[in-house]
Amino acid sequence: MSEPILSLRGISKSYGPLQVLRNVDLDIHAGEVVALLGENGAGKSTLSGIIAGSRPPSEGSMTWMGRPYAPASPREAIDKGVVLIHQELKLLPELTIAENVFIGRWPMKGGRVDRAAMVERAQEQLARLNLRLPATRKVQGLSTAQQQLVEIAKALALDAKLLILDEPTAALGGAETEALFEQVRKLRAEGVGIIYISHRMEEIRQITDRIVVLRDGEHVADFADSATPVRTVVESMVGRSLERMFPPVPTPKARTVLEVRGLTGANGAFRDANFSVAEGEILGIAGLVGAGRTELVRAIAGADPVSAGTIWLDGRELALRSPADAIAEGIVMVPEDRKLQGLVVEHGIGENIVYANLDKVSRGGWISKSAVRAFADGAIARFGVKGQAGQPGSSLSGGNQQKVVIAKWLARGPRVVILDEPTRGIDVGARSGIYDIIAGLAREGVAVIVVSSDLEEVLGVSNRIVVLAQGRQAGILNRAEANDVSVMELATI
Amino acid sequence: MIATVSEREPARSRGILASLSGATGPLIGLILLCVFLSLATDTFLSVRNALNILDQITVLGIMAVGMSFVILIGGIDLSVGSVLALSMMVMGWLANVMGLPLPISILLALVASGLCGMVSGMLITGFRVPPFIATLAMMSVARGLANMITDGQQIVGFPDWFMMLAIDRHFGVLTATVALMLVVTAAAWAFLRYRSGGRMLYAVGGNPEVARLAGINVNYVTIGVYVLAAILAGLAGIVLAARLDSVQPSSGLGYELDTIAAVVIGGTSLSGGAGGIGGTLIGVLIIGVLRNGLNLLNVSPFLQQVIIGVVIALAVAAETLRRR
């Protein structure tokens, strides 16, 4: 094989007494897509940050294109052609695509920004990615997938030789993921090296050439063949042999708990949804991004208004005007975005749990400190959250954060629990814990709705699956007839 | 994944429970300031001067409580100085021009103040006007109304008992106005700590969407907080009227900035969701002690402004550094 474009030798990184990376060696070649895998906390972000110049290593050296490489800032790394695309997109919504693509390095002519050249060159990059958008459009209102592609266009405009993609498909649906992959393959063919960070094994098999596994800051495995069995890879990630991923799906009872009839969103994101969920049933909702899944469940949880249709609980029609109304009826939601909708991350875990249960820990509006403490500790213990009540939410891993969000609702004894993307950004090892909680809820007779972009997940946990396509309900599949093909067929109608 | 790095650090409590002890930095600053002034002047360290300081901070202290609530939910209220003036003028006009009994005039002045807060709150929640703009507008409107009542003239001469509220030291210690400030502060402290409504403020300030999805009526909380802040500004106006034994529409100019400064010095975060009344009280004391001490040191009022500005900048910078 040719000389690697990037070589890492003996890279270590410590924060005080805590060692996050230990003696990592890594080579990346031109035209190679390398999967970087590892559980949360394994050091993936730290490693990519070091490569992209956002933090220096404590020890070790790097070589870039045959020369010593020690970027002091992201800017320096970018100048050399190393670009990291963050999981959280960093675009300025009020500026145009072209301005975002060339931010900080506007094409100049005679001391002024050459707007015409900027737009023209941005348009070229968009065309390269098959993104049919005018470069003069504002970023505001673009879909997540489009924004992701704009980020990539930005990297391309910088003439990137090495791209680090941090969970690029976390917010993408099937078709968009495929479109992104097409571009990744194109870049690979052009000789760009790509480090691809993801939790989704299926994607890794599809798109990457090689799998590098980090565990506790060490480079523990290197699979030259991305077709290595998933189990082998995951086991090397978690450092132990893996039991089953999904718990057995409980059998639902006959009695219907929740029913929606002709439900239509006020903003038109979904139309005429008709389905019911029985006691102890897990109903999956599948569909591409933009199909209206999140909007539909938000409406059921009282978070968004509806323009037509009805929601029935135990045969009673509900009039939900706010999440508070839905909660009072026993309909609770674990929202899509933990950090923006589920938790006040700066506040303590105990506080976060109590925010949804203020009535349970107070009498006549007066809060009892001991009740708060007991309540929070009880919820933390019951859901196996690794943390203490006083610890801020931001200090937890994604899996533990999600458990806190779930825990804050379940103490209320809800009738209906809606989970929107329950394992997004949560590593494989921690996922089964969430699935166990979901199955446990159903066994207790709760009607559960699970929305997910991860097809394997919907198929794995659901009794039945509602498939949405462009806001319409394309069909409902039983567990027996549901598989990735039948769901995708309906989703892409 | 940066989060998981700190996951293994010893758990550091930054929750509500810690919000009062979180003001340790400002507290140390206050103590140092007092020690310095005790050594630098022979008049600072005396019971008499301490009581003077308390008298001087009543107006600021009462307004700062309301402002703490507003800032805690991630808002800002620029109108408090104007609302204070409006409250004074409404009270003075009703009592001395319309001939209503003073207690009723005071009550109606507080109602008028509360209405100002309600309008701001409704603009913010109903029309999604940013708090800065909504209260900037109210600042102008309330000031204008205060001037319109008497066409800019002051009103003087209230019953003796009213003036004595700010002068008469019961048990030789507390005036009624100082006691009022202490009661307001203590009530606010207990509310934030022990009432579910207080917890809601932290949730709304921390992240309004999380709070809404958790079943908290964010609009209701927001309007309530602006109404409360306005009523407290009105109450501060009444206290000021008692201290001056007169009301004038130009009162309270720039008070909003002093009030915001006191809250911020006390460690309440301008981005909302963190802070508390204990810190605010310390912030108010720092400003009060500083003003008092600089007067004792015969520092010119102009230089005092410079020094207070520097203290604000230092206090917030120190707090930011500490949190990093």
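Going by the annotation in an unreviewed UniProt entry, the name recorded for chain B is ABC transporter permease, with Amaricoccus solimangrovi given as the source organism.

For chain A, an unreviewed UniProt entry supplies the name Sugar ABC transporter ATP-binding protein and the organism Amaricoccus solimangrovi. Under Subcellular location (unreviewed entry), UniProt gives the following word-for-word description of chain A: "Cell membrane".

Novice: How would you summarise the overall build of chain B if you had to cite specific residues and measurements?
Specialist: Counting its regular elements, chain B contains 14 helices and two strands. Against the globule reference of 20 Å for 324 residues, chain B gives a C-alpha radius of gyration of 20 Å, in line with a compact fold. Based on the C-alpha atoms only, the size of chain B along its principal axes is roughly 65 × 55 × 35 Å. Considering chain B as a whole, with its 324 residues, one finds that 54% of them fall into the buried category. For chain B, long-range pairs separated by at least 24 residues make up 78% of all intrachain contacts whose partners lie at least 6 apart in sequence.

Novice: Tell me about the overall build of chain A, and name the residues and values.
Specialist: Helices and strands together make up the secondary structure of chain A, namely 17 helices and 24 strands. Relative to a compact globule of 493 residues, whose C-alpha radius of gyration would be 23 Å, chain A shows 24 Å and is just as compact. With the C-alpha coordinates aligned to their principal axes, the bounding extent of chain A is approximately 70 × 50 × 45 Å. Looking at chain A as a whole, 50% of its 493 residues qualify as buried.

Novice: Could you give an account of the nonpolar core, naming the residues involved and the relevant values?
Specialist: Soluble globular proteins tend to pack their nonpolar side chains together in the buried interior. Ranked by size, the top nonpolar core spans 184 residues in total, and within it Ile438(A), Val448(A) and Met63(B) carry the most contacts. Residues within four places of Met63(B) in sequence aside, it is in contact with Val80(B), Leu232(B), Ala233(B), Ala236(B), Tyr255(B) and Thr259(B).

Novice: I'd like to hear about the domain arrangement of chain A, residue by residue, with values.
Specialist: Bring the parts together and some accessible area is lost; that lost area is often taken as the interface size. Residue and element names in this part refer to chain A. Examined at the domain level, chain A breaks down into domain 1 (6–238) and domain 2 (256–491). In this structure, domain 1 and domain 2 have C-alpha centres spaced 32 Å apart. Facing the 20 residues of domain 1 at the interface are 15 residues of domain 2. Looking at the side of domain 1 that touches domain 2, its residues break down into eight nonpolar, seven polar and five charged.

Novice: Hey, could you go over helix H17 (residues 484–491) of chain A for me, with residue numbers and the actual values?
Specialist: Since the α-helix packs 3.6 residues into each turn, any two residues three or four apart lie on the same face. If you check which residues of H17(A) are buried, you get Val487(A), Leu490(A) and Ala491(A). Down the axis, H17(A) shows its buried residues gathered within 100° of arc, on one side only.

Novice: Provide a residue-level description of the sheet that holds strand E1 (residues 6–15) of chain A, including the pertinent values.
Specialist: Residue and element names in this part refer to chain A. Overall, antiparallel pairing links the four strands, which are arranged E2-E1-E4-E5 in an open sheet. At either end of the open sheet lies a strand with only one pairing partner, and these are strand E2 (18–28) and strand E5 (67–68). Pairing between E1 and E2: seven bridges, direction antiparallel. When the bridges of E2 are listed, Leu6 appears paired with Ile28.

Novice: Quick rundown of the environment of Ile287(B)? Include the residues and the values.
Specialist: Residue and element names in this part refer to chain B. Tracing the sequence through the fold places Ile287 in helix H13 (residues 277–296). Linking Ile287 and Ile149, residues 138 residues apart in sequence, is a C-alpha distance of 32 Å. Not counting the four nearest positions on each side in its chain, Ile287 is found in contact with Leu60, Asp258, Ala261, Ala262 and Ile308.

Novice: Describe the UniProt feature "transmembrane region" (unreviewed entry) in chain B, and please don't skip the residues or the numbers.
Specialist: All names here are of chain B. In this numbering, the UniProt entry assigns the feature "transmembrane region" (unreviewed entry) to residues 57–76, 171–192, 223–242, 263–290 and 302–321. The distance from the first to the last C-alpha atom of residues 223–242 is 29 Å, and the span holds 100% helix and 0% strand. Helix makes up 61% of residues 263–290 and strand 0%, whereas the separation of the span's terminal C-alpha atoms amounts to 15 Å.

Novice: Before we move on, could you go through the environment of Lys161(A) and cite the residues and values that matter?
Specialist: Residue and element names in this part refer to chain A. Turning to its location among the elements, Lys161 is positioned in the loop between helix H5 (144–157) and strand E9 (162–166). What makes Lys161 partly exposed here is the crowd of 19 C-beta atoms within 10 Å. In this structure, the C-alpha to C-alpha distance between Lys161 and Ile78, residues 83 residues apart in sequence, is 9.5 Å. The contact partners of Lys161, leaving out residues within four places of it in the chain, are Ile5, Gly81, Val192 and Gly193.

Novice: Before we move on, can you summarise the pairing of strand E12 (residues 218–223) of chain A with the specific residues and values?
Specialist: Residue and element names in this part refer to chain A. Examined bridge by bridge, strand E11 (residues 210–215) and E12 share five bridges and lie antiparallel to one another. Bridging from a neighbouring strand, Ile211 pairs with Phe223 of E12. The antiparallel pairing of E11 with E12 creates a hairpin that spans two residues between the two strands, and Asp216 there sits at a positive phi of about 50°.

Novice: Just give me the short version of the sheet that holds strand E13 (residues 256–265) of chain A, but keep the residues and values in it.
Specialist: All names here are of chain A. With respect to topology, four strands assemble into an open sheet ordered E14-E13-E16-E17, the strand pairing being antiparallel. Two strands lie at the open edges of the sheet, namely strand E14 (273–278) and strand E17 (316–318), each paired on one side alone. Each strand of the sheet is rotated relative to its neighbour by a mean of 20°, with strand direction disregarded. Sheet strands touched by helix H9 (residues 293–300): E13, E14 and strand E16 (306–313). Its angle to E13, the strand with the most contacts, is close to 120°.

Novice: Mind laying out the confidence of the model for chain B, listing which residues take part and the relevant values?
Specialist: All names here are of chain B. Averaged over all residues, the pLDDT of chain B is 88; the fraction at 70 or higher stands at 92%. Contacts of residues 1–21 to residues separated by more than four positions or lying in other chains number 42 contacts, the stretch itself having pLDDT below 50. Both scores are available for the predicted complex, with the pTM at 0.76 and the ipTM at 0.71.

Novice: Account for the environment of Met91(B), with residues named and values stated.
Specialist: Residues and elements named next belong to chain B. Within the element layout of this structure, Met91 appears in helix H4 (residues 80–97). In this structure Met91 comes out as buried when scored by C-beta crowding, with 29 C-beta atoms within 10 Å. For the pair formed by Met91 and Val47, sequence separation is 44 residues and the distance between their alpha carbons is 33 Å. Beyond its immediate stretch of four places on either side in the chain, Met91 contacts Ser105, Ile106, Ala109, Ile238, Ala241 and Val247.

Novice: Describe the pairing of strand E4 (residues 59–64) of chain A, naming the residues involved and giving the relevant values.
Specialist: All names here are of chain A. Alignment of E1 against E4, held across five bridges, turns out to be antiparallel. Paired with Ser12 across the strands is Glu59, a residue of E4. Bridging between E4 and E5 involves two bridges; their strand directions are antiparallel. Residue Thr63 lies in a different strand from E5, and its bridge partner there is Pro68.

Rules used in this analysis
Residues numbered from 1 in each chain as written. Chains lettered and ligands numbered in written order. Predicted model: local features only at pLDDT ≥ 70, side-chain atom pairs only at ≥ 80, totals over all residues. UniProt positions renumbered as here; feature names shortened; annotations may be inferred. Helix = DSSP H or I, 4+ residues; strand = E, 2+ residues; numbered from the N terminus. Rg over C-alpha atoms; globule rule 2.2 N^0.38 Å. Buried ≥ 20, exposed ≤ 12 C-beta atoms within 10 Å, placed from the backbone. Contact = placed C-beta atoms within 7 Å. Core = buried A, V, L, I, M, F, W, Y, C linked by C-beta atoms within 7 Å. Domains from an automatic or database assignment. Nonpolar A, V, L, I, M, F, W, Y, C, P; charged D, E, K, R; others polar. Arc of directions from axis to C-beta. Pairing = 2+ DSSP bridges. Axes fitted to C-alpha atoms, helices over the stretch in contact; angles between N-to-C directions. pLDDT = per-residue confidence, 0-100.

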